[in-house]
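Here is how the chains run, residue by residue.
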Amino acid sequence: MIDIKNLDTYAKNTWCPGCGNFSILNSIKSVISELSGQIPIENFVIVSGIGCHAKIVDYINVNSFYSLHGRAVPAAEGIKIANPRLKVIVFAGDGDAYGEGLEHLIFAAKRNIDITVIVHNNRVYGLTVGQCTPTSPLGFKGKSTPAGTVEIPFNPLHLLLSSGATFIARGYTHGIDLLKDIFKQAVLHKGFSIVDTLQVCVSFYNMYDYYSKRVYTLKDHNIYDYQSALNKIKEWDYNTDSPISLGVFYKKETATFEENIVKNKNDVSGQRNISKIINERQEIIKKILASLT
Amino acid sequence: MIDIKNLDTYAKNTWCPGCGNFSILNSIKSVISELSGQIPIENFVIVSGIGCHAKIVDYINVNSFYSLHGRAVPAAEGIKIANPRLKVIVFAGDGDAYGEGLEHLIFAAKRNIDITVIVHNNRVYGLTVGQCTPTSPLGFKGKSTPAGTVEIPFNPLHLLLSSGATFIARGYTHGIDLLKDIFKQAVLHKGFSIVDTLQVCVSFYNMYDYYSKRVYTLKDHNIYDYQSALNKIKEWDYNTDSPISLGVFYKKETATFEENIVKNKNDVSGQRNISKIINERQEIIKKILASLT
Amino acid sequence: MKEISILIGGKAGEGIDTSGTLIGRILSHLGYKIYIYRDYPSLIRGGHTYSIIRACEKQIGSHYNSIDILLALNQQTIDIHKDKLKNNTFILYNSDAGKSEKGTGIPIDKIIKEENGIAVMGNTCIIGALCKAIGINWDIAEKVLKKHIPKETELNLKIAKHGYDYVSQFINIDTGSNEPSALITGNEAISLGLLKAGLTTYMAYPMTPSTGILHFLAQAGITDPTLKTLQPESEIGVILMALGGIYAGERIAIGTSGGGFCLMVEGLSFSSMAELPIVIILGQRTAPSTGLPTYTGQSDLLFAITCGHGGFFRFVVAPGDANQAYFWSALSLSLAWKYQIPSIIISDKTLAEGAYSFLPELLNLQEKDIGLWEKEKSQFKRYLNTETGLSPLAFPGNKNAIIKINSYEHDEYGITTEDPYITKSMQEKRFKKNKLVFEEVEKHETLKIYGNKNSNEAILTWGSNKDVCIEAGEILGMRVIQPIVMSPFPINRLNDALKGVSKIICVENNIDGQLASLVKYYGITVDRKILKYDGRPFTADELINKIKQ
Amino acid sequence: MKEISILIGGKAGEGIDTSGTLIGRILSHLGYKIYIYRDYPSLIRGGHTYSIIRACEKQIGSHYNSIDILLALNQQTIDIHKDKLKNNTFILYNSDAGKSEKGTGIPIDKIIKEENGIAVMGNTCIIGALCKAIGINWDIAEKVLKKHIPKETELNLKIAKHGYDYVSQFINIDTGSNEPSALITGNEAISLGLLKAGLTTYMAYPMTPSTGILHFLAQAGITDPTLKTLQPESEIGVILMALGGIYAGERIAIGTSGGGFCLMVEGLSFSSMAELPIVIILGQRTAPSTGLPTYTGQSDLLFAITCGHGGFFRFVVAPGDANQAYFWSALSLSLAWKYQIPSIIISDKTLAEGAYSFLPELLNLQEKDIGLWEKEKSQFKRYLNTETGLSPLAFPGNKNAIIKINSYEHDEYGITTEDPYITKSMQEKRFKKNKLVFEEVEKHETLKIYGNKNSNEAILTWGSNKDVCIEAGEILGMRVIQPIVMSPFPINRLNDALKGVSKIICVENNIDGQLASLVKYYGITVDRKILKYDGRPFTADELINKIKQ
Ligand SMILES: Cc1ncc(C[n+]2csc(CCOP(=O)(O)OP(=O)(O)O)c2C)c(N)n1
Ligand SMILES: Cc1ncc(C[n+]2csc(CCOP(=O)(O)OP(=O)(O)O)c2C)c(N)n1
Ligand code: SF4
Ligand code: SF4
Ligand SMILES: [Mg+2]
Ligand SMILES: [Mg+2]
């Protein structure tokens with residue numbers, strides 16, 4: 001097991017004091033540390049988009065892929081397909097994953113590829129200083145909508161449920177034990193897992209009071225039952241006031257994409273003998289050419 | 001009212017004989033013809049992506065916008081926002097709208113912008129000669145997946161329901177009266193409407209027998225009830241065998257995006273006096289500059 | 001004292017940016033021309049951010065590394081900017097947050113507390129102190145602060161006055177001879193130019209350094225009845241929605257930076273094929289990829305000129321300051337519509353977010369030039385192949401026209417074709433516009449010459465580097481040449497401008513010398529390239545030294 | 001007869017394409033070198049489609065407008081190709097579906113019925129007839145048809161024989177002197193080159209004319225245990241998944257055409273910043289925008305060389321036939337990995353879907369050149385700034401390395417930086433590769449000279465136009481120059497190749513003369529451009545006439 005302190009890097013943390021991202025960082029570090037007993041630390045890969053959230057990859061000393069805005073998910077899929085032994089965790093923003101890159105997210109869920117996506121859902125574009133996102137409530141006054149938005153947010157968990165995601169949860173950046181527990185379950189889930197994390201952005205959309213009054217932890221909920229999951233997911237629509245449940249909504253166990261794609265479990269990228277492949281290809285090409293003569 | 005014959009163009013039709021697209025063409029032509037009594041024909045705009053389906057815009061003699069693969073929906077949104085008086089109908093492919101351009105589709109639904117999207121869902125890439133799409137069933141053997149796909153299709157109607165679409169229907173290219181009726185309702189719906197149309201591709205995925213055995217028309221179904229809509233939508237998952245219901249699943253009446261965006265109903269693009277705007281801007285700019293001095 | 005450079009620095013999120021602008025406005029009211037350089041990292045709070053406010057008798061757009069006054073809100077500011085101090089640089093600092101051997105400390109935190117203010121008002125305090133130190137009348141400071149601090153105005157004024165009274169005068173700044181003028185950023189200038197030319201919708205997905213345009217126009221839209229702003233789901237959504245709107249007759253511009261621009265290129269190629277007049281603002285920053293998102297760069301020029309499949313024509317302009325940004329943005333929108341072509345306005349972080357004293361040039365835009373279809377003439381054909389290649393315009397909703405737009409090759413009516421003869425003639429139709437636009441823009445100053453026009457040494461530069469090159473050129477007695485239009489390139493003008501020049505030094509903010517490449521294509525070889533690609537613009541002293549080397 | 005051109009035409013969906021290939025294979029077994037040009041519209045059934053099969057003693061890659069034999073499966077074919085007939089052109093046609101004054105009619109529909117065949121077997125019938133008409137032994141025809149018609153082989157053979165017996169011999173084709181060789185398309189050659197260099201995954205979203213690579217490799221993957229193919233949700237998905245996979249050590253190429261390539265440009269810029277070796281196949285077609293999707297073009301050259309924000313280096317190669325496509329595709333993948341750079345392979349519809357006689361060149365790929373990290377050396381730094389600029393490679397899962405990839409500017413370890421000094425040195429590190437790769441590829445024939453090497457008139461061309469220019473050059477006694485590598489451009493080689501040349505004619509399939517522009521940048525001005533931009537490649541007779549004019 002890796003000591004959590006060894007997961008730090010020398011990068012200076014540049015999040016605002018009080019930002020919810022710190023909880024996500026601390027939670028995931030302890031999850032990685034705990035899991036490093038059973039999963040070799042070199043098999044962890046963390047992937048991020050671009051935004052405040054994305055800086056997290058600079059702050060954790062494991063393999064990382066700091067991708068493009070909206071594009072963390074396909075990058076993570078590529079990594080997982082190349083080497084299914086890797087444990088791939090994506091950190092995405094709400095602008096990032098639910099806006100610019102929504103399509104990729106839905107397809108990753110559809111494929112049930114075994115990656116974990118943690119969305120830092122602060123319901124605002126943080127790094128570009130405060131515009132509305134797909135989960136900002138109706139009437140949100142951001143810098144690009146000074147008179148308030150006219151769009152109703154969508155419920156990302158509902159969308160992902162209908163896309164085929166096999167693990168769906170919601171976290172909150174206040175209450176780190178629950179967050180850790182959810183992250184751990186998500187990371188250990190075999191298949192596509194998503195944790196929509198209500199992350200408080202103290203600078204542009206401080207919902208601390210709002211959330212703290214409404215959140216509660218799911219209890220006596222059958223996570224294997226689709227309809228119960230749907231009902232619980234629909235309880236809060238990200239727009240109107242209602243109780244906000246935290247925890248795991250849904251879980252299903254089924255074959256993953258990479259299992260079906262990778263032909264030979266021992267043929268994983270990065271451990272291949274390319275020279276050997278090149279040699280063998282000589283024969284293969286000869287055969288193909290013969291068939292085309 | 002425009003005679004349906006006047007809706008023809010001189011373009012030579014290049015669909016395969018027997019292609020389901022003909023039914024869509026004929027249905028929509030009669031709908032446009034019928035509606036032209038109440039909606040001026042010059043206010044119709046048809047928009048398409050790229051694919052076999054998309055050729056339809058060449059075959060109907062009304063305003064049209066032959067867009068890019070996957071991008072018909074945002075183009076249609078731009079048209080509607082510019083001039084809310086226009087009746088905008090999108091023809092999209094399943095590769096087009098559910099693959100390359102899925103994100104736009106979900107956002108258009110979320111915004112409840114008043115456009116109609118008719119998806120020619122042949123569950124195959126037709127024009128690029130037969131690859132799998134997001135609605136091809138598991139194991140589909142196309143040219144890019146000769147050993148069969150490993151992805152379960154998603155249910156596009158379920159996705160759109162959870163995105164906020166306010167009119168959801170399914171059509172089938174055999175049985176033109178029903179198709180016409182559905183199209184007409186969709187076009188008249190105030191808000192975002194989608195018609196997933198099971199369109200038979202005789203060349204690459206002929207599902208005629210399969211569908212014809214399973215389809216039935218929705219009856220005694222309360223289209224205003226979300227849960228009933230959901231249940232009916234989930235009846236067939238586009239993968240396993242089950243009855244396939246046709247008709248309108250869901251309808252909801254609520255404010256549309258363009259209503260909220262357009263400030264002045266009489267200030268519609270294309271009928272503006274730009275010289276006047278330019279003149280008025282002189283004053284506006286002066287005021288802004290004074291405030292910045 | 002007839003010129004002054006002031007640096008104000010502190011933590012991000014402490015209002016350094018606003019304070020810099022306030023100082024600029026005060027000096028503007030004193031009769032100076034202003035330029036402000038802003039430097040901030042990609043984070044929201046903490047980290048070090050600063051502005052350099054330079055005031056001068058003449059119009060300027062560049063700054064020096066060495067400064068006259070340092071306003072330090074924290075210790076970091078004192079430490080980081082040591083290299084910028086001259087012997088006689090005067091330092092004013094918050095003695096509650098830092099220590100300095102030289103200069104005057106002000107117990108800002110204490111003052112704020114005394115006055116019952118909040119932390120961010122430390123800025124107002126130090127501005128007050130600055131005014132006193134350089135000998136500005138309290139009346140002027142009060143007037144400007146009153147106008148530009150809308151919230152807690154009285155309290156702020158009290159704190160400013162407290163700062164004013166706390167320090168003693170150090171130098172005496174003269175009154176300048178200019179009328180006070182607006183102080184605006186390049187982004188604001190672009191916005192105003194577009195508004196002037198009849199923009200009715202602006203769409204963007206936020207991206208530094210162009211986001212300011214979205215914010216500014218969203219704000220302007222609250223009171224302007226003919227202006228909408230939209231923030232779609234992605235840059236692809238942006239350009240496609242825009243093209244749809246343009247088809248329907250809406251005048252639309254869209255803005256982004258390199259990464260977002262990449263995503264728009266497919267739509268750009270479409271706009272050329274479909275002859276839809278789109279205007280794109282490309283705000284450059286340090287690249288490739290995410291690069292240094294809040295720092296400057298000029299590495300997208302060749303990309304902008306050649307991007308998109310199909311080798312099609314587009315108008316590309318790279319203004320160098322707020323005045324040029326205003327003029328050419330207006331013209332870009334106007335030309336796009338007249339010729340039904342895409343226009344690209346290239347800016348960069350230095351221009352986009354730097355602030356300039358602004359006096360708009362007169363602009364006579366001729367709306368009658370737009371080729372609106374007159375129904376009497378004939379049956380409407382969207383792609384009528386006329387002698388000039390320009391087709392008539394009409395918009396859906398027009399009783400007498402059916403308007404068919406197409407991304408495939410098409411006939412005059414807009415129906416798809418694969419016919420070789422039609423293809424050939426349509427390609428030629430679109431290609432002709434290159435020459436037409438070339439002739440049209442020749443009427444304007446597509447290229448500018450500054451500095452010593454008789455020198456046989458020339459600095460060749462573009463975009464926001466224009467002003468720092470003028471500064472260097474004037475001091476070193478060199479000619480300075482700035483092409484503004486990049487496509488169609490004003491090669492004749494450049495050849496004229498180079499008459500008598502025996503040595504060309506090309507100054508750019510990139511590693512590969514993109515303007516040098518562009519002119520090389522036209523047969524002009526530069527003798528030396530001075531390139532900077534660390535995200536920071538040249539300072540005048542730095543550039544002068546480099547040229548002298 | 002030592003050379004023959006055969007046109008076979010009919011409706012799309014009737015198997016014209018396959019039949020053309022069968023004819024080519026038969027002639028290949030007769031000892032000829034083959035080239036096949038395919039022409040089809042963007043539709044699935046109906047419409048007119050045809051192939052021209054040219055067989056020749058020498059290696060070829062172009063066709064003539066005039067043909068020796070016309071095989072017409074329907075009336076349209078007889079009507080449309082009138083302009084291609086010579087006095088002695090022999091016509092074989094389906095007399096059940098068309099009428100012709102000249103030639104021999106075959107009641108194909110009747111024959112099919114008699115033999116209990118299905119409509120599509122009409123092709124086999126006319127192929128049989130062709131063999132007889134030009135004097136090919138039934139044995140040869142039978143052998144080839146048996147091998148290449150896997151379904152209903154016996155029935156097809158019967159029908160072919162029926163056709164064979166129905167007609168009488170018209171001319172006598174000689175036996176050629178070449179060993180039968182594989183007949184493959186440019187797409188197949190690219191695929192084989194990539195396989196040869198160790199490709200382990202291919203990803204694409206379908207787009208003409210590159211889709212053939214996806215189909216071919218998907219098929220190959222069924223039996224090749226180390227080859228995966230994937231079809232993600234979009235081109236953006238394609239390039240980002242590919243970059244993820246490459247980071248994890250997978251050798252990946254991706255393929256598309258102009259519109260899809262546009263969508264990949266943001267990822268391309270990322271690949272340069274992150275130093276991830278991606279290989280992209282850009283199959284050109286008539287553009288801008290959707291254009292003529294099944295017709296050819298060469299209008300993406302400048303775009304490929306300059307695209308992406310940041311002005312970064314990439315390797316760009318434009319092979320001219322199947323042999324070059326094989327060789328340079330292999331090398332592209334190899335170089336990408338050795339130098340950790342993006343590589344772009346430009347093809348065009350003519351090359352991609354045309355078929356060529358293929359004899360693979362020997363390729364010695366040195367895997368040891370890939371800079372895999374040896375853990376003994378030091379702590380792993382993904383962006384270690386070495387003297388050459390090349391950093392060591394390691395992949396996640398490696399116990400001794402933490403591998404951090406970053407789209408932001410970063411330090412050696414891969415952590416984000418905004419520091420000006422690090423930024424500068426990292427920009428320089430990446431920029432250096434340009435020179436390194438230039439030196440490396442100099443070892444290979446980056447530019448080829450054909451035709452009369454002593455002529456003072458040169459045809460300058462690129463891509464699939466190479467062969468038609470050789471044809472013209474040989475006939476007109478001119479020098480023919482083909483740069484294959486486009487970036488880094490082999491300017492020294494070109495200068496050498498142009499020694500003694502007083503007139504340069506540039507031949508391209510675009511409207512703006514993109515190779516002419518590229519060489520102009522290097523100081524070479526072409527004297528004349530022969531440009532074609534109607535979607536069709538030059539035929540040899542057409543080009544010769546144009547040059548003579
Ligand atoms: C293609 C592209 N478009 C836009 C941007 C600019 N951009 C950087 S961060 C960001 C918003 C981030 O918002 P979100 O994903 O919610 O992350 P947060 O900062 O809130 O954590 C944007 C729009 C970009 N980097 N790339
Ligand atoms: C960006 C882009 N990628 C790929 C293509 C190539 N393409 C043209 S049509 C098509 C598939 C069409 O399938 P679908 O949308 O289902 O329409 P259908 O032909 O089945 O009606 C593709 C991939 C393109 N034109 N543009
Ligand atoms: S802006 Fe918001 S999300 Fe970003 S670091 Fe600050 S508090 Fe956190
Ligand atoms: S390929 Fe399929 S979808 Fe396309 S025209 Fe033919 S039958 Fe219709
Ligand atoms: Mg966010
Ligand atoms: Mg389809």
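Residues numbered from 1 in each chain as written. Chains lettered and ligands numbered in written order. Predicted model: local features only at pLDDT ≥ 70, side-chain atom pairs only at ≥ 80, totals over all residues. Heavy atoms only, no water.

K.L.:
Go over the domain arrangement of chain C, please, and point to the residues and values.
P.N.:
Interface size, as often reported, equals the accessible area lost upon joining of the parts. All names here are of chain C. For chain C, the domain assignment lists domain 1 (3–180), domain 2 (183–367) and domain 3 (447–548). A separation of 33 Å is found between the C-alpha centroids of domain 1 and domain 2. With 17 residues of domain 1 in contact, the opposing surface of domain 2 contributes 15 residues. Taking both partners together, domain 1 and domain 2 bury about 1,300 Å²; carbon and sulfur atoms supply 48% of that area. One can count 0 salt bridges joining domain 1 with domain 2. Linking domain 1 with domain 2 are 9 residue pairs in polar contact (both at pLDDT 80 or more), by the criterion used here. (Domains from an automatic or database assignment. Contact = heavy atoms within 4.5 Å. Buried area = accessible area lost by both parts, 1.4 Å probe. Salt bridge = Lys/Arg side-chain N within 4 Å of Asp/Glu carboxyl O. Polar contact = N/O pair within 3.5 Å; in protein donor to acceptor, adjacent residues only side chain to side chain.)

K.L.:
So what's going on with the coordination of the magnesium ion (ligand 5)? Residues and values would help.
P.N.:
Residues and elements named next belong to chain A. Distances from the magnesium ion (ligand 5) to its protein donors, namely D94 (OD), N122 (OD1) and V124 (O), fall within the range 2.0 to 2.2 Å. The sequence pattern describing where the donors of the magnesium ion (ligand 5) fall on their chain is D-x27-N-x1-V. Of the two residues, D94 sits in helix α3 (residues 94–100) while V124 sits in the loop between β4 (116–121) and α5 (156–163), which places them 30 residues apart along the sequence. (Donors = N, O, S within 2.8 Å, 3.2 Å for Na, K, Ca; no water. Helix = DSSP H or I, 4+ residues; strand = E, 2+ residues; numbered from the N terminus.)

K.L.:
Break down the interface of chain C and chain D for me, citing the residues and quoting the values.
P.N.:
Listed as interface residues are 57 residues of chain C and, on the opposing side, 56 residues of chain D. Run the count over chain C and chain D and you get 27 residue pairs in polar contact (both at pLDDT 80 or more). Elements with a minimum of two residues in the side of chain C that touches chain D: α10 (258–274), α11 (301–306), α14 (420–431) and α18 (514–521) of chain C. The greatest single-element share of the side of chain C that touches chain D, amounting to 10 residues, is contributed by α10(C). Of the residues assigned to the side of chain C that touches chain D, the class counts are 23 nonpolar, 22 polar and 12 charged. (Nonpolar A, V, L, I, M, F, W, Y, C, P; charged D, E, K, R; others polar.)

K.L.:
I'd like a description of the coordination of the magnesium ion (ligand 6), backed by residues and values.
P.N.:
All names here are of chain B. Within the first shell, the magnesium ion (ligand 6) binds the protein through D94 (OD), N122 (OD1) and V124 (O), at distances of 2.0 to 2.2 Å. All donor residues of the magnesium ion (ligand 6) come from one chain, and their arrangement in sequence is D-x27-N-x1-V. With D94 in helix α3 (residues 94–100) and N122 in the loop between β4 (116–121) and α5 (156–163), the pair connects residues that are 28 residues apart, well separated along the chain. The buried category is assigned to D94, whose relative accessible area is 2%. Residue class for N122 comes out buried when judged on its relative accessible area of 7%. (Buried < 20%, exposed > 50% of the residue type's maximum accessible area, 1.4 Å probe, protein only.)

K.L.:
I'd like to hear about the site of ligand 2, residue by residue, with values.
P.N.:
Neighbouring residues of ligand 2: 23 residues in total, closest C52(B), D94(B), D96(B), G126(B) and E235(D). Ligand 2 is flanked by residues contributed from chains B, C and D. With respect to ligand 2, the side chain of N122(B) contributes an N or O atom lying 2.9 Å from an oxygen atom. L127(B) places a main-chain nitrogen or oxygen 2.9 Å from an oxygen atom of ligand 2. Within the complex, the protein chains bury 98% of what would otherwise be the 590 Å² of accessible surface of ligand 2. Sort the elements by how many residues they give to the shell around ligand 2 and α3(B) lands first, with 4 residues. Its residues assigned to classes, the shell around ligand 2 comprises 9 nonpolar, 9 polar and 5 charged. (Near = heavy atom within 4 Å. Areas by Shrake-Rupley, 256 points an atom, 1.4 Å probe, with all protein chains shown as cover.)

K.L.:
Requested: an account of the pattern of salt bridges, with residues and values cited.
P.N.:
Applying the stated rule across the entire model yields 88 salt bridges over all chains. Across the salt bridge formed by K232(B) and E235(B), the nearest N and O atoms sit 3.8 Å from each other. Of this pair, K232(B) and E235(B) both sit in helix α8 (residues 226–235), 3 residues apart, which is roughly one turn of the helix. Since its relative accessible area comes to 26%, K232(B) is described here as partly exposed. Residue E235(B) is classed as partly exposed on the basis of its relative accessible area, which comes to 27%. Because the salt bridges share partners, they merge into one network encompassing E77(A), K110(A), R111(A), E151(B) and E233(D).

K.L.:
Requested: an account of the sheet that holds strand β5 (residues 85–94) of chain C, with residues and values cited.
P.N.:
By way of backbone hydrogen bonds, the strands of a sheet pair with one another, either parallel or antiparallel. All names here are of chain C. Taken in spatial order, the 8 strands line up as β6-β5-β4-β1-β3-β2-β14-β7 in an open sheet, and their pairing is mixed. The strands lining the two open edges of the sheet, one partner per strand, are β6 (104–106) and β7 (182–185). Here the average twist between neighbouring strands, direction ignored, is 20°. In the sheet, β5 pairs with β6 via 3 bridges, with the strands oriented parallel. (Pairing = 2+ DSSP bridges. Axes fitted to C-alpha atoms, helices over the stretch in contact; angles between N-to-C directions.)

K.L.:
Break down the site of ligand 3 for me, with residues and values.
P.N.:
With respect to spatial proximity, the complete set of residues near ligand 3 consists of W15(A), C16(A), C19(A), N21(A), C52(A), N122(A), Q199(A), C201(A), V202(A), S203(A), F204(A) and I44(C). Around ligand 3 the close residues trace back to chains A and C. Grouping the constituent residues of the shell around ligand 3 by class yields 8 nonpolar, 4 polar and no charged.

K.L.:
Let's hear about the domain arrangement of chain A: which residues, and what values?
P.N.:
All names here are of chain A. Here chain A is described as being made up of domain 1 (4–254) and domain 2 (257–293). Distance between the C-alpha centres of domain 1 and domain 2: 37 Å. Counting residues at the interface gives 11 residues for domain 1, matched by 10 residues for domain 2. The contact between domain 1 and domain 2 buries some 930 Å² in all, and 55% of this surface belongs to carbon and sulfur atoms. Inspection of the region where domain 1 meets domain 2 yields 1 salt bridge. One salt bridge connects E259 with K190, and the closest N-O pair in it is separated by 3.4 Å. Inspection of the domain 1/domain 2 interface yields 7 residue pairs in polar contact (both at pLDDT 80 or more).

K.L.:
Tell me about helix α9 (residues 235–247) of chain C, residues and numbers included.
P.N.:
Owing to its 3.6 residues per turn, the α-helix brings residues three or four apart onto one side. All names here are of chain C. Given a rise of 1.5 Å per residue, 13 residues ought to cover 18 Å, and the 18 Å separating the end C-alpha atoms of α9 matches this to within 8%. Most of α9 sits inside the fold, with 13 of its 13 residues counted as buried. Of the residues trailing α9, G249 is marked for its positive phi of about 100°. (Expected span 1.5 Å × (residues − 1).)

K.L.:
I'd like to hear about the interface of chain A and chain D, residue by residue, with values.
P.N.:
Taken residue by residue, the interface counts 55 residues in chain A and 68 residues in chain D. Contact between chain A and chain D buries roughly 5,100 Å² in total, counting both sides, with carbon and sulfur atoms accounting for 60%. The three residues of chain A that bury the most area against chain D are R281(A), L292(A) and T293(A), which together make up 14% of that side's buried surface. At the boundary of chain A and chain D, one finds 4 salt bridges. Notably, a salt bridge pairs E233(D) with R111(A), separated by 2.7 Å at the nearest N-O pair.

K.L.:
Break down the nonpolar core for me, citing the residues and quoting the values.
P.N.:
Judged by nonpolar contacts, the single largest core of 388 residues is most densely connected at F192(A) and F192(B). Leaving out residues up to four positions away in the same chain, F192(A) has contacts with L105(A), A108(A), A109(A), N112(A), I113(A), D114(A), I115(A), V117(A), L160(A), A165(A), T166(A) and F167(A). (Core = buried A, V, L, I, M, F, W, Y, C linked by side-chain atoms within 4.5 Å.)

K.L.:
Describe the pairing of strand β11 (residues 279–284) of chain D, naming the residues involved and giving the relevant values.
P.N.:
Residues and elements named next belong to chain D. Of all 6 residues in β11, 6 are buried; the element is thus mostly enclosed. Residues V279, I281 and G283 of β11 are buried on one face, and the alternating residues I280, L282 and Q284, pointing to the opposite face, are buried as well. In this fold, the crossover linking strand β10 (residues 252–257) to β11 by way of helix α10 (residues 258–274) has right-handed handedness. Of the strand pairs in this sheet, β11 and strand β13 (residues 343–348) are connected by 6 bridges, and their pairing is parallel. Bridge assignment links Q284 to a residue of β13, and that residue is D348. (Right-handed = clockwise from strand over helix to strand, strands pointing away.)

K.L.:
Any details on the packing of aromatic side chains? Residues and values, ideally.
P.N.:
As enumerated under the stated definition, the model contains 54 aromatic pairs over all chains in all. Aromatic side chains Y210(B) and Y211(B) sit 6.1 Å apart centroid to centroid with 80° between the ring planes, which places their arrangement in the edge-to-face category. Assessed through its relative accessible area of 1%, Y211(B) is described here as buried. Taken together, the ring pairs connect Y172(A), Y210(A), Y211(A), W236(A) and Y238(A) into an aromatic cluster. Lying over the aromatic face of F538(C), K532(C) brings its terminal NZ or CZ to 5.9 Å of the ring centre. (Phe/Tyr/Trp six-rings, centres within 6.5 Å; stacked < 30°, edge-to-face > 60°. Lys NZ or Arg CZ within 6 Å of the ring centre and 35° of its normal.)

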